[in-house]
Each structure stands twice: as structure tokens, then as C-alpha cells.
Amino acid sequence: MTAHFDTSSYSHHGLVTTYLHAGRGDAPVLVLAHEGAFGASAEASWGPLIPILAEHYRVIAPDLFGYGASSKVVQFDAPPYDLRLHQIAALLDELGLSHAQAHLVGNSFGGALALRAVTTDWFAHRVRSVVSFGGTGGPYRTAEGMEHLGRFDGTVEDMARLVRFANGQFTGFDDQVAIRMAGAGAANYRSVLAPMMPAPFSPPPSGDRYPETLATTTVPVVAVAGKNDPFVEPGWAQQITRHAPLGRAVEIDGRHSPNVVDPDGTARLILTILRENEELAARNDA
């Protein structure tokens, strides 16, 4: 088994992207996208899973803009997904993978990002399949969940509140709180909170037709729903994937981030889903 992952950084137009990577250079590409709460990072979401996944895939897990060791930037005049999709595209180009099709796997905001990727014309050709754990792409989120996500007082106790609300108490709880606190500096706080700030202007309706736009995608789309996820409405996975021709919903025991609570089991589940996605994609290509 691969015993570790490596950490690298590069700068594109003055913006730094730091990313974790492991696996053979000639293996199929797997991009892991982390969630978007205070203190989130690639390592906090995916660190223990990467060595397992890297036995089969070339794994690339960036710190998305605003998080981890990447630049703390926010774009206010576009959806939050666009900036990070451009970041991922630039990273793949930097790694010589501009013509590769990658499997995208994300949790929460990262899952939403993966779902939105296949409805984004300029990015969709880069995608082999999508797996979202708890990320809806926008709709079906609960008011209680959004209230919890929208506040953080900077203390360990309050970070523990956020982690506990998302996933309950679990083995490794204190470690998860600690790694998130390490990433929850002032710049990250502003990056997370700034898009939520009220403004004295009411923008016109966006005309966003998602998730209906998933009907145009030709790749497998999988939504994984925790039975007790407090951030999303029951049935969200079925509501999302029914629009995708190769969509399917998977329900599992647990809450919002099984990758954090059960890294080994979630890595095995990802490998199973990706094998199924490869088979579906190959049949669809034939």
C-alpha cells in the first residue's frame, strides 16, 4: 500500500494552490474536493483515505481557494463553484492532465462542486464520473444546517460544536477538531463568512435551472446520502440523480461526512462506486 501522500504547491496568475497527491502517474485520475466549512482542507477531509485510493488511482486533492494553504480569495460576482473549477482545471493543466478525464469525488461543498462541474460547459469534458457525499449543488439544504454553518467564534469549543453537529461523536473526533482549528485562521474565516454577508442589494433571479441541467450530462453521477445527515433534506439524493441519465442514489448509515467518521469504509465504498462508474461509462462510450 502507498504509505503516504505528498504535498506540493504552485502559483497561477499569482494565486497559490496547495494540493495533496499520491499514486502512479499512469493510473486513472481521481480528484478529491473537500467541504466548505470553517477550517476545511484536503487533509482534514481526505488525508486517511488517500493511501487506500492511491492503490488504484492517481489521487489529487487540492486545498480549494479560501481554505488550507491555498490563497484566500473569494469571487462575489459568480457562483462559488466557478472560481474553484477554474482552480482545478488550472491544476490539472499544470500536471500535464489537460486531456485527461478525471473522476470527481467530493464531500458537502466539494460534492456540490463535482455535481456542478458536469453542468459547466467549459469543464464537463474533463469529467469521467461524479460522486457527491452530502453535497446537493445548492437545493435541498436545511435551515438548521445553514444556521450552524454560518457562525463560528474561533474557539476549540465552537469548532467541536460544528464537527459534532455534522457527524456526532466518533473515533478521531479530537483529531478532526484539531486539524480544522489549524486551518481556521483569520483569512479562512473571512473567506467562509464573506459570501454569507447580507448586502443592501437584491440581485435579480439567476435563472439557474439546476438540477434539471444534469439531464445533459453523459457521465455517471452518484449522490451518497447519510440517513441522518442534518444538513440536507431527506430524499435529496434521489431528487438530484433522477435528472441525470446515468444517475443513481446510494443511502448509507451515518451523517454528513462518512469520509471523516469512517475513512477506511468510505474509501472502500468509493472504490466500489468508481468501479461501477467505469463500467457504466465504458458501456455508454461503446
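Above: the structure in question.
Residues numbered from 1 in each chain as written. Predicted model: local features only at pLDDT ≥ 70, side-chain atom pairs only at ≥ 80, totals over all residues. Heavy atoms only, no water.

### Some thoughts on the overall build of the protein chain
And step 1. Scanning the protein chain from N- to C-terminus turns up 12 helices and 8 strands.
And step 2. Its C-alpha atoms give the protein chain a radius of gyration of 18 Å, near enough to 19 Å, the size a compact globule of 286 residues would have.
And step 3. In terms of overall dimensions, the protein chain has C-alpha extents of about 55 × 45 × 45 Å along its principal axes.
And step 4. Residues counted as buried form 53% of the 286 residues belonging to the protein chain.
And step 5. Contacts in the protein chain between residues at least 24 apart in sequence constitute 76% of all its contacts with a sequence separation of at least 6.
And step 6. With an accessible surface of roughly 12800 Å², the protein chain has 53% of that area assigned to carbon and sulfur atoms. (Helix = DSSP H or I, 4+ residues; strand = E, 2+ residues; numbered from the N terminus. Rg over C-alpha atoms; globule rule 2.2 N^0.38 Å. Buried < 20%, exposed > 50% of the residue type's maximum accessible area, 1.4 Å probe, protein only. Contact = heavy atoms within 4.5 Å. Areas by Shrake-Rupley, 256 points an atom, 1.4 Å probe, with all protein chains shown as cover.)

### What to know about the packing of aromatic side chains
Geometry of an aromatic ring pair is reported as the spacing of the ring centres plus the angle between the planes.
And step 1. Taken as a whole and assessed by the stated rule, the structure comprises 6 aromatic pairs.
And step 2. Judged by centre distance (5.4 Å) and plane angle (25°), the ring pair of Phe38 and Tyr189 falls under stacked. In this pair, Phe38 sits in the loop between strand 3 (29–33) and helix 1 (42–46) while Tyr189 sits in helix 9 (residues 186–193), placing the two residues 151 residues apart along the sequence.
And step 3. Residue classification places Phe38 among the buried residues on the basis of a relative accessible area of 1%. (Phe/Tyr/Trp six-rings, centres within 6.5 Å; stacked < 30°, edge-to-face > 60°.)

### Quick notes on the nonpolar core
And step 1. Ranked by size, the top nonpolar core spans 55 residues in total, and within it Leu104, Phe123, Val127 and Met159 carry the most contacts.
And step 2. Take this core: its biggest share by element is 7 residues, from helix 3 (residues 80–94).
And step 3. Leave out the neighbours within four places in its chain, and Val127 touches Gln101, Ala102, Leu104, Ala117, Val118 and Val219.
And step 4. Within the second largest apolar cluster, 25 residues are counted, among which are Leu20, Leu32, Leu53 and Ala267. (Core = buried A, V, L, I, M, F, W, Y, C linked by side-chain atoms within 4.5 Å.)

### Concerning helix 8 (residues 173–183)
Given 3.6 residues to a turn, an α-helix orients residues that are three or four positions apart in the same direction.
And step 1. Buried within helix 8 are the following residues: Phe173, Gln176, Val177, Arg180 and Gly183. Considered in projection along helix 8, the buried side chains sweep an arc of 125° and stay on one side of the axis. In this structure, helix 8 carries Asp174, Asp175 and Ala182 as exposed residues pointing more than 90 degrees from its buried face.
And step 2. Elements that come into contact with the buried residues of helix 8 comprise helix 1, helix 7 (156–167), helix 9 and helix 11 (258–261). (Arc of directions from axis to C-beta.)

### Things to note about the environment of Pro258
And step 1. Locating Pro258 in the fold gives a position in helix 11.
And step 2. Residues Pro258 and Gly226, 32 residues apart in the sequence, show an inter-C-alpha distance of 7.9 Å.

### Side note on helix 4 (residues 109–117)
And step 1. Among the 9 residues in helix 4, 9 count as buried, and that is most of the element.
And step 2. Among the residues making up helix 4, those that are buried are Phe109, Gly110, Gly111, Ala112, Leu113, Ala114, Leu115, Arg116 and Ala117.

### Focus: the pairing of strand 6 (residues 127–133)
And step 1. Counting buried positions over the 7 residues of strand 6 gives 7, a clear majority of the element.
And step 2. One ladder, built from 6 bridges, connects strand 5 (residues 102–107) with strand 6; its direction is parallel. In the strand pairing of strand 6, Ala102 is matched with Val127. (Pairing = 2+ DSSP bridges.)

### Describing the sheet that holds strand 5
And step 1. Spatial ordering of the open sheet is given by 1-2-4-3-5-6-7-8, a layout of 8 strands whose pairing is mixed. Since the sheet does not close on itself, it has two edges, and those belong to strand 1 (6–12) and strand 8 (247–252), each with one partner. If you compare each strand with its neighbour and ignore which way they point, the axes differ by 20° on average.
And step 2. Sheet strands in contact with helix 3 are strand 1, strand 2 (15–22), strand 3 and strand 4 (58–62), and its direction is about 105° off that of strand 1. (Axes fitted to C-alpha atoms, helices over the stretch in contact; angles between N-to-C directions.)

### Here we look at the packing of helix 7 against helix 8
And step 1. Orientation of helix 7 relative to helix 8, taken along the N-to-C sense of each, is 120°, at an axis distance of 9 Å. One way to sum up the angle between helix 7 and helix 8 is to call them oblique. For the crossing formed where helix 7 meets helix 8, the hand is right-handed. Where helix 7 approaches helix 8, its residues Val156, Met159, Ala160, Val163 and Arg164 are matched on the opposing element by Phe173, Gln176, Val177, Arg180 and Met181.
And step 2. Here the contact of helix 7 with helix 8 is composed, by residue class, of 7 nonpolar, 1 polar and 2 charged. (Parallel < 35°, antiparallel > 145°, perpendicular 65-115°, else oblique. Left-handed = near helix turned anticlockwise from the far one by under 90°. Nonpolar A, V, L, I, M, F, W, Y, C, P; charged D, E, K, R; others polar.)

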